Amino acid sequence: MTGRVHALCIEALARLGDADPVREARVRAQLVATSNPFVLEQERLGAESEVDDAEASFLRLQARRAELLGPAHIGDQLKIADASIALGRRTGVDEYVCWGRRWRMDAYAVLGSRLDLVAELNAITPLVERMSHPAWQSFLILINASQRLLDGRFAEATSLTNEALRLGGPESEAVFLHGVYAWEIAALTGDNLEPVETSVRRVVDGMPYMARGWLCLVLMARGKRHEAAMLWKAILMFTVFPNAQPSG
């Protein structure tokens, strides 16, 4: 889905030209925000346009955050989250506030600050309920599922991820995260590893080759050490020689 949006942004910029600076600013910001996170070098692509437009301002924040992913930039990520919340409050757009609180939760998860994460969860819940948007409702369910997972309440976590998948639909992030939760539970319990392996194989097949590192973990859990070792060597080779054509 993100790849399709990115391609559409490129096409839209070509069609817009200089005719509509507000839309151009929005599309350029969206172009950066949907850039491939596995690509190490990203161009700014004009995301810092100073057009006075709330949506363009939000998209610039989204694009800036996409450039500053990773634990080394947690402080910057929190500042961007604060700016999104402030923008949402100033303009009366709940979704900007929700994105800011979501970015805060992402940062607190990396920091291992569960207390702060739960505080943000409590703050975002009434906003999501008021918006009544399936994608945000699905996200909220997934966050609650993560808390059940941390508490070792695996049956409840599984039930919630299934509900998030049903609510979010085939294009939602719940499709991918459902598999992530299933793997975490299987790794911790030793149950259902075979169907998880099948699912992970299907998911990583459409991702950058280095994502097969996830499959390596699954193979090790399944006792398939030789296959895991061979795949890991292929990933390493592809990382060192990115123009190579890996198989498998």
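Residues numbered from 1 in each chain as written. Predicted model: local features only at pLDDT ≥ 70, side-chain atom pairs only at ≥ 80, totals over all residues. Heavy atoms only, no water.

Asks: Could you clarify how one ought to interpret the overall build of the protein in this entry?
Replies: Secondary structure assignment for the protein yields 12 helices and 0 strands. The burial tally for the protein puts 36% of its 248 residues in the buried class. For the protein, the proportion of contacts with a sequence separation of at least 24, taken over those separated by at least 6, is 47%. Accessible surface computed for the protein: about 14,100 Å², of which carbon and sulfur atoms make up 56%. (Helix = DSSP H or I, 4+ residues; strand = E, 2+ residues; numbered from the N terminus. Buried < 20%, exposed > 50% of the residue type's maximum accessible area, 1.4 Å probe, protein only. Contact = heavy atoms within 4.5 Å. Areas by Shrake-Rupley, 256 points an atom, 1.4 Å probe, with all protein chains shown as cover.)

Asks: How should unusual backbone geometry be read in this particular structure?
Replies: For residues other than glycine, phi is negative in most cases, and the peptide bonds are mostly trans. Phi is positive for Ser132, which is not a glycine, with a value near 50°. Residue position: Ser132 is located in the loop between helix H6 (114-131) and helix H7 (134-150). Note on Ser132: relative accessible area 48%, which makes it partly exposed. Positive phi, normally seen in glycine, also occurs at Asn192, with a value near 60°.

Asks: What is the right way to look at the pattern of salt bridges in this model?
Replies: Pairs can form between side chains of opposite charge whenever their charged atoms are close. Here the structure, examined in full by the defined rule, presents 17 salt bridges. The salt bridge partner of Glu120 is Arg104, with a shortest N-O separation of 3.0 Å. On the criterion of sequence distance, the pair formed by Glu120 in helix H6 and Arg104 in helix H5 (residues 94-111) is long-range, its members being 16 residues apart. Of the two residues, Glu120 and Arg104, neither departs from the other in class, the shared state being buried. Two residues, Arg153 and Glu156, come together in a salt bridge whose shortest N-O distance is 2.9 Å. (Salt bridge = Lys/Arg side-chain N within 4 Å of Asp/Glu carboxyl O.)

Asks: So what exactly am I meant to see when it comes to helix H3 (residues 54-67) here?
Replies: Note that an α-helix has 3.6 residues per turn; residues three or four places apart therefore point the same way. Between the first and last C-alpha of H3 there are 20 Å, a value that for 14 residues agrees with the 20 Å anticipated at 1.5 Å per step. Along H3, the residues classified as buried are Ala56, Phe58, Leu59, Arg60, Leu61, Gln62, Ala63, Arg65 and Glu67. (Expected span 1.5 Å × (residues − 1).)

Asks: What is the right way to look at the layout of surface pockets in this model?
Replies: It is a probe the size of a water molecule, rolled over the atoms, that shows where empty space is left. In this structure, the second largest pocket spans a volume of roughly 200 Å³. Taken together, 13 residues form the lining of the second largest pocket, with Thr158, Ala182, Ile185, Asn192 and Val196 sitting closest to its centre. Among the secondary structure elements, those contributing two or more residues to the lining of the second largest pocket are helix H8 (154-168), helix H9 (174-189) and helix H10 (193-204). Ranked by residues supplied to the lining of the second largest pocket, first place goes to H9 with 6 residues. (1 Å grid on protein atoms, 1.4 Å probe; cavity = no way out; pocket = protein on both sides within 12 Å on 5 of 7 lines; lining within 4 Å. Points joined across faces, edges and corners; volume = space filled by probe spheres on them.)

Asks: Even after reading the chapter, I still don't get the packing of aromatic side chains, so can you show me in this structure?
Replies: To describe a pair of aromatic rings, one takes the distance between the centres and the angle between the planes. Enumeration according to the criterion identifies 7 aromatic pairs in this entry. Aromatic side chains Trp99 and Trp103 sit 5.9 Å apart centroid to centroid with 40° between the ring planes, which places their arrangement in the tilted category. Taken together, the residues Trp99 and Trp103, both in helix H5 and 4 residues apart, mark about one turn of the helix. Pairing Trp99 with Trp136 gives two aromatic rings, centres 5.1 Å apart and planes at 75°, and the pair type is edge-to-face. With a gap of 37 residues between them, Trp99 in helix H5 and Trp136 in helix H7 connect regions that are remote in the sequence. Overall, the relative accessible area of 4% leaves Trp136 in the buried class. Following the ring pairs from residue to residue traces out a cluster consisting of Phe58, Tyr96, Trp99, Trp103, Trp136 and Phe139. (Phe/Tyr/Trp six-rings, centres within 6.5 Å; stacked < 30°, edge-to-face > 60°.)

Asks: For this particular structure, what's the right way to read the nonpolar core?
Replies: Soluble globular proteins: nonpolar side chains tend toward being buried together. With 17 residues, the main nonpolar core has Met105 and Ile124 as its most contacted residues. Looking at this core, the elements with two or more residues in it are helix H4 (74-91), H5, H6 and H7. The contact partners of Ile124, leaving out residues within four places of it in the chain, are Cys98, Arg101, Arg102, Met105, Trp136, Phe139 and Leu140. Counting residues in each nonpolar core, the second largest holds 15 residues, with Trp183, Ala186, Trp214 and Val218 among its members. (Core = buried A, V, L, I, M, F, W, Y, C linked by side-chain atoms within 4.5 Å.)

Asks: What am I meant to see in the packing of H7 against H8 here?
Replies: A packed helix pair is summarised by two numbers, namely the angle formed by the two axes and the spacing between the axes. Between H7 and H8, whose axes approach to 8 Å, the crossing angle comes to 170°. As far as their axial angle goes, H8 and H7 are roughly antiparallel. Contact with H7, carried on its side by Pro134, Gln137, Ser138, Ile141, Leu142, Asn144, Ala145, Arg148 and Leu149, involves Phe154, Glu156, Ala157, Leu160, Thr161, Glu163, Ala164, Leu167 and Gly168 of H8 and no other residues of that element. A breakdown of the residues in the contact of H7 with H8 according to their chemical character gives 10 nonpolar, 5 polar and 3 charged. (Axes fitted to C-alpha atoms, helices over the stretch in contact; angles between N-to-C directions. Parallel < 35°, antiparallel > 145°, perpendicular 65-115°, else oblique. Nonpolar A, V, L, I, M, F, W, Y, C, P; charged D, E, K, R; others polar.)

Asks: Where do I start with the confidence of the model for the protein in this structure?
Replies: Interpretation of the predicted coordinates at a detailed level should be avoided for regions scoring low in pLDDT. Averaged over every residue, the pLDDT of the protein is 84; the share at 70 or more is 76%. Within the model, pLDDT remains below 50 along residues 37-51, and this stretch shows 31 contacts once partners closer than five positions in the same chain are excluded. (pLDDT = per-residue confidence, 0-100.)

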